[in-house]
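Here's the letter readout for the chains.
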Protein chains: 2
Amino acid sequence: MAVGDVTMPQMHVVKGVKIGSAEAYVRYQNRRDLVIFELAEGSHVAGVFTQNAFCAAPVHVCKAHLQVTNPRYLVINTGNANAGTGKVGLANAEATCIKLAELTNISQNEILPFSTGVIGEQLPIERLTAGLQPALDSLKEDAWLDAATGIMTTDTLPKGASEQFEIDGITYTMTGISKGAGMIRPNMATMLSYVATDAPISRELVQLLLKETVNVSFNRITVDGDTSTNDSCILIATGQAGGIEISSIDDSRYAVILDVLTRVMKRLAQLIIRDGEGATKFITITVEGGLNTQECCDIAYSIAHSPLVKTAIFASDPNWGRILAAIGYAGVKNLDVEKIQVWLDDVQICKDGGAAADYTEEAGARVMSQAEMLIRVNLGRGDAKDTVYTCDLSYDYVKINADYRS
Amino acid sequence: MAVGDVTMPQMHVVKGVKIGSAEAYVRYQNRRDLVIFELAEGSHVAGVFTQNAFCAAPVHVCKAHLQVTNPRYLVINTGNANAGTGKVGLANAEATCIKLAELTNISQNEILPFSTGVIGEQLPIERLTAGLQPALDSLKEDAWLDAATGIMTTDTLPKGASEQFEIDGITYTMTGISKGAGMIRPNMATMLSYVATDAPISRELVQLLLKETVNVSFNRITVDGDTSTNDSCILIATGQAGGIEISSIDDSRYAVILDVLTRVMKRLAQLIIRDGEGATKFITITVEGGLNTQECCDIAYSIAHSPLVKTAIFASDPNWGRILAAIGYAGVKNLDVEKIQVWLDDVQICKDGGAAADYTEEAGARVMSQAEMLIRVNLGRGDAKDTVYTCDLSYDYVKINADYRS
């Protein structure tokens, strides 16, 4: 059961983006597990990828292709991650591109492949490539929901965000999807996410926009601290809605687009937490008063990854000593615990290194029983601030990850 | 249910150590929750303590007292950690020492206080100090089992190790106890552990022996990655069995004692994992072929802390891709995944960045279904090696930590 508002919005079409899907039987029967994006000529594409040393074969191929071309197609399979698969895995990722290049009469370098699913098994490459033509045959603009559904693994629902905005009399669209529920602690990237706009943006600025917004969205979420082998986040600007290309951050339109994209990316990232494996609570952790962003993040992640904090929140138990312990072992040097203050929403639980004088167990329990809560920590030694999003640790997390192979 | 052999051995008495206990009703009724150790005059005592910034009040007091005296008494309560308790907590830890000093007619500096239990609540100091005299009244040599039982919190069983050894015709004893089951990732120390020998060892060498053996025992275990606020490990040498004091590491007796102590400390540390909250499996993780110890430990802990690896082991599912992912996100720079090899016991699962050619799911499942297993990783780039011990993540871990406040 996902937490809070997870409704799929109206997914506005993006001019210059068509989506097709097919059943390729990668792992399961009777589901569309193969998705293709077709991008208009002249689209600018940027990507950020996992920092996991065991990064998946398709991640290697994506990085190489992005160096040399403006991609025209993305091809995504679910059910198999093609990671930990060695040279055979790399050959399979390339074979997927070669086959799709033949069918579409372009260079294989203009294709970006993606995989998600079980790590350490070889792709069923024949079934996968056999699905390419049916997926191409189904290409259409209005298929973002199909794409969001097609890339799901242990997700319980498709995840999307979509906005329209107007600049200089032109209506632009920003639409994106994401997937992921477990093995979630993106590092410089995310699970799979694809966001596209029909605004005209230079290649350099597409890369910059992606980097800036990933750092406040996908790089600030964690379910279980496990950084995936396949995290990939792609931003596409087709330019098909018209207007002169935006090529400077001083262009006033840049700020508008950054604002919309930030909202879309945060929504897509937070949807992954709301649908986190076994999640019953959505938790925002803000650490302020730090010397720098790094120490704020270190402490926020220390809290977010503590199994003891996460199980206490699952139990609605205001066992706040566990939060203090997680702050204390985050590895931040020379913390003065006497200056640290901690709140659960508006309830102050910790002051001067101990319980706040007016804290009551009842007030703490009230916040902990909510489906959504803010844990706010003030370190009392600087102006830096950062925020991380996470969920609780429930029986169902263990059940999902112990009962079947995801 | 603890994993494997967790039997309490015959706990040989240590000459010069007497133990008393009492019911002080710190948190629960009808249990001996207060333990006192009385050490013979001239005993040498060393301690290592948690690195958690929110370290408990008694840890502050212990460190201060160890600077200035050779302690004569240790006093330990369970049920309340006296951590996150500010100035009141510090005063309570000191009040415990003052009261015990009055009753025993020594200086309060000669007393080391310890607490374990819930974080963030004040000690019931009157009930606690009222228990001191009854505990003193019960002092006797043969009470190590009482002590091991008296310091338990969520432990399901008392934990002890004891050996006798002979040097130069003198029989010496090394006996120790430990406690801990959750909030276990000791950092330079452990949960509570007390080891005593009646061998004559200089104060400097007691400290050195403790440091050396903690680094291969309590500093190499993790249940949930949560470093406690109260970790303390104490080594006592009373010298009461006779012989000339050992004051140089070149003394041949030093090596004998180091060997015995290493076994006792490893056993006490591993018992904590075997009794880890909800544990159904005991897992040894050895990383070899590293450039240095740090990177071997980083990768071993990355595997040991991965909720996905831990739930897969709980399920006896040889989902080894999760092990590769955890190796990959450990943060070790410039790993060449093509050189990495991974085994489950004698079954090679990974070679050259992918599945080993002769690996079969059946062979992997056979090892994963065992109650004890070795995950061995070879990084193929150096001679360093290290080993970490952990357990799996089960429904019961969530149940224990969500159902009641520990």
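Look a little higher up for the structure.
Below you will find a few notes about this structure. (Residues numbered from 1 in each chain as written. Chains lettered and ligands numbered in written order. Predicted model: local features only at pLDDT ≥ 70, side-chain atom pairs only at ≥ 80, totals over all residues. Heavy atoms only, no water.)

## Description of the overall build of chain A
Then comes step 1: Along the backbone of chain A there are 12 helices and 16 strands.
Then comes step 2: In terms of overall dimensions, chain A has a C-alpha envelope of 70 × 50 × 35 Å along the principal axes.
Then comes step 3: A buried classification covers 63% of the 406 residues belonging to chain A.
Then comes step 4: In chain A, of all internal contacts separated by at least 6 residues, the share reaching a separation of at least 24 is 81%.
Then comes step 5: When the accessible surface of chain A is summed, it comes to about 14,100 Å², and 48% of that surface belongs to carbon and sulfur atoms. (Helix = DSSP H or I, 4+ residues; strand = E, 2+ residues; numbered from the N terminus. Buried < 20%, exposed > 50% of the residue type's maximum accessible area, 1.4 Å probe, protein only. Contact = heavy atoms within 4.5 Å. Areas by Shrake-Rupley, 256 points an atom, 1.4 Å probe, with all protein chains shown as cover.)

## Quick look at the relation of the copies chain A and chain B
Then comes step 1: Between the two copies, chain A and chain B, the superposition gives an RMSD of 0.1 Å; the rotation angle is 180° and the shift along the axis is 0.0 Å. A rotation of that kind, with that shift, is consistent with a two-fold axis. Measuring from the rotation axis to each C-alpha of chain A, the shortest distance belongs to A:Tyr395, at 2.8 Å. (Least-squares fit on C-alpha atoms with pLDDT ≥ 70 in both.)

## Some details on the pairing of strand 13 (residues 347-351) of chain B
Along a regular strand, successive side chains alternate from one face of the sheet to the other.
Residue and element names in this part refer to chain B.
Then comes step 1: Counting buried residues along strand 13, 4 of its 5 residues qualify, which places the element largely inside the surrounding structure.
Then comes step 2: With 3 bridges joining them, strand 12 (residues 341-344) and strand 13 adopt antiparallel strand pairing. Paired with Trp343 across the strands is Gln348, a residue of strand 13.
Then comes step 3: Count of turn residues in the strand 12/strand 13 antiparallel hairpin: 2 residues, of which Asp345 carries a positive phi of about 50°.
Then comes step 4: Both strand 13 and strand 14 (residues 354-355) contribute to a ladder of 2 bridges, which runs antiparallel. The residue of strand 14 that forms the bridge with Cys350 is Ala355. (Pairing = 2+ DSSP bridges.)

## Some details on the packing of helix 9 (residues 307-314) of chain A against helix 12 (residues 395-403) of chain B
Then comes step 1: Where helix 9 of chain A meets helix 12 of chain B, the axes come as close as 8 Å, and the angle between the chain directions of the two elements is 65°. Taken together, helix 9 of chain A and helix 12 of chain B sit at an angle that is classed as roughly perpendicular. The element helix 9 of chain A and its partner helix 12 of chain B pack so that their crossing is right-handed. Facing A:Pro307, A:Leu308, A:Thr311, A:Ala312 and A:Phe314 of helix 9 of chain A, the residues of helix 12 of chain B in contact are B:Tyr397, B:Val398, B:Asn401 and B:Ala402.
Then comes step 2: The class makeup of the residues in the contact of helix 9 of chain A with helix 12 of chain B is 7 nonpolar, 2 polar and no charged. (Axes fitted to C-alpha atoms, helices over the stretch in contact; angles between N-to-C directions. Parallel < 35°, antiparallel > 145°, perpendicular 65-115°, else oblique. Left-handed = near helix turned anticlockwise from the far one by under 90°. Nonpolar A, V, L, I, M, F, W, Y, C, P; charged D, E, K, R; others polar.)

## Observations regarding the environment of B:Thr387
Residue and element names in this part refer to chain B.
Then comes step 1: By the secondary structure assignment, Thr387 is in strand 16 (residues 384-391).
Then comes step 2: With 12 residues separating them along the chain, Thr387 and Ile375 place their C-alpha atoms 9.8 Å apart.
Then comes step 3: When neighbours within four sequence positions are excluded, Thr387 is seen to be in contact with Arg220, Thr284, Ile285 and Thr286.

## Quick word on the pattern of salt bridges
Then comes step 1: Summed over all chains, the structure comprises 24 salt bridges over all chains.
Then comes step 2: Note that A:Arg274 is salt-bridged to A:Glu372, the shortest N-O span being 2.6 Å. Residue A:Arg274 is found in helix 7 (residues 252-274), and its partner A:Glu372 is found in strand 15 (residues 372-378); the two are separated by 98 residues along the sequence.
Then comes step 3: Residue classification places A:Arg274 among the buried positions, given a relative accessible area of 8%.
Then comes step 4: Judged by relative accessible area, which is 33%, A:Glu372 ranks as partly exposed.
Then comes step 5: Here B:Arg381 ties to B:Glu295 by a salt bridge, and the two come within 2.7 Å at their closest N and O atoms. Pair noted here: B:Arg381 is in the loop between strand 15 (372-378) and strand 16 and B:Glu295 is in helix 8 (residues 293-305), with a separation of 86 residues, a long-range link.
Then comes step 6: For B:Arg381, a relative accessible area of 22% puts it in the partly exposed group.
Then comes step 7: The exposure class assigned to B:Glu295 is buried, which follows from its relative accessible area of 7%.
Then comes step 8: Here the salt bridges do not stand alone but share partners, grouping A:Asp155, A:Lys159 and A:Asp275 into one network. (Salt bridge = Lys/Arg side-chain N within 4 Å of Asp/Glu carboxyl O.)

## A look at unusual backbone geometry
Then comes step 1: The residue A:Tyr25 is not glycine, and still its phi comes out positive at about 55°.
Then comes step 2: Judged by relative accessible area, A:Tyr25 falls into the partly exposed class, the value being 33%.

## What about the interface of chain A and chain B?
Then comes step 1: Each side of the interface is counted separately: chain A has 56 residues, and chain B has 56 residues.
Then comes step 2: Between chain A and chain B lies a buried interface of about 4,300 Å² when both sides are counted; carbon and sulfur atoms form 60% of it.
Then comes step 3: Counting every contact that joins chain A to chain B gives 2 salt bridges.
Then comes step 4: With a shortest N-O distance of 2.8 Å, B:Glu338 and A:Lys87 are connected by a salt bridge.
Then comes step 5: Put simply, chain A and chain B have 8 residue pairs in polar contact (both at pLDDT 80 or more) between them.
Then comes step 6: Those elements that provide at least two residues to the side of chain A that touches chain B are helix 2 (86-104), helix 9, helix 10 (321-328), strand 14 (354-355) and helix 12 (395-403) of chain A.
Then comes step 7: For the side of chain A that touches chain B, the leading source of residues is helix 12 of chain A, giving 7 residues.
Then comes step 8: Residue composition of the side of chain A that touches chain B, grouped by class: 25 nonpolar, 19 polar and 12 charged. (Buried area = accessible area lost by both parts, 1.4 Å probe. Polar contact = N/O pair within 3.5 Å; in protein donor to acceptor, adjacent residues only side chain to side chain.)

## Concerning the environment of A:Lys351
All names here are of chain A.
Then comes step 1: Relative to the assigned elements, Lys351 resides in strand 13 (residues 347-351).
Then comes step 2: On the basis of relative accessibility, which here comes to 40%, the residue Lys351 falls in the partly exposed class.
Then comes step 3: With 16 residues separating them in the primary sequence, Lys351 and Leu335 have C-alpha atoms 14 Å apart.
Then comes step 4: Beyond its immediate stretch of four places on either side in the chain, Lys351 contacts Ile340, Gln341 and Ala356.

## A few points about the sheet that holds strand 12 (residues 341-344) of chain A
Residues and elements named next belong to chain A.
Then comes step 1: Spatially, 9-16-11-15-12-13-14 is the arrangement adopted by the 7 strands of the open sheet, whose pairing is mixed. Edge positions in the open sheet fall to strand 9 (221-222) and strand 14, since each of these has one partner strand only.
Then comes step 2: Sheet strands in contact with helix 7 are strand 9, strand 11 (282-290), strand 15 and strand 16 (384-391), and its direction is about 45° off that of strand 16.
Then comes step 3: Most of the contacts of helix 11 (residues 361-368) go to strand 13, to which it runs at about 120°, and overall it touches strand 12, strand 13 and strand 15.

## A few points about the packing of aromatic side chains
Then comes step 1: As enumerated under the stated definition, the model contains 14 aromatic pairs over all chains in all.
Then comes step 2: Ring geometry for A:Phe282 and A:Tyr389: centres 6.0 Å apart, planes at 25°, overall stacked. Residue A:Phe282 is located in strand 11, and its partner A:Tyr389 is located in strand 16; the two are separated by 107 residues in the primary sequence.
Then comes step 3: A relative accessible area of 3% means that A:Phe282 is categorised as buried.
Then comes step 4: We classify A:Tyr389 as buried; its relative accessible area is 10%.
Then comes step 5: Taken together, A:Phe37, A:Phe114, A:Trp144 and A:Tyr194 form an aromatic cluster joined through their ring pairs.
Then comes step 6: Here B:Arg274 stacks its cationic end above the ring of B:Phe282, 4.0 Å away from the centre of that ring. (Phe/Tyr/Trp six-rings, centres within 6.5 Å; stacked < 30°, edge-to-face > 60°. Lys NZ or Arg CZ within 6 Å of the ring centre and 35° of its normal.)

## What to know about helix 2 (residues 86-104) of chain B
All names here are of chain B.
Then comes step 1: Over its 19 residues, helix 2 runs 28 Å from end to end, which matches the ideal 27 Å to within 8%, given 1.5 Å per residue.
Then comes step 2: The set of residues buried in helix 2 consists of Gly89, Asn92, Ala93, Thr96, Cys97, Leu100, Ala101 and Thr104.
Then comes step 3: Contacts from the buried residues of helix 2 go to strand 2 (34-39), helix 1 (57-68), strand 4 (73-80), strand 5 (111-118), helix 3 (125-130) and helix 4 (132-137).
Then comes step 4: Directly beyond the C-terminal end of helix 2, a positive phi value near 60° is found at Asn105. (Expected span 1.5 Å × (residues − 1).)

## With respect to the nonpolar core
Then comes step 1: Judged by nonpolar contacts, the single largest core of 156 residues is most densely connected at A:Phe37, A:Phe114, A:Tyr194, B:Phe37, B:Phe114 and B:Tyr194.
Then comes step 2: Other than its neighbours up to four places away in sequence, A:Phe37 contacts A:Val17, A:Lys18, A:Ile19, A:Arg72, A:Tyr73, A:Leu74, A:Ile76, A:Trp144, A:Ala147, A:Ile177 and A:Tyr194.
Then comes step 3: B:Ile285, B:Tyr329, B:Val367 and B:Leu379 belong to the second-largest nonpolar core, a separate cluster that totals 40 residues. (Core = buried A, V, L, I, M, F, W, Y, C linked by side-chain atoms within 4.5 Å.)

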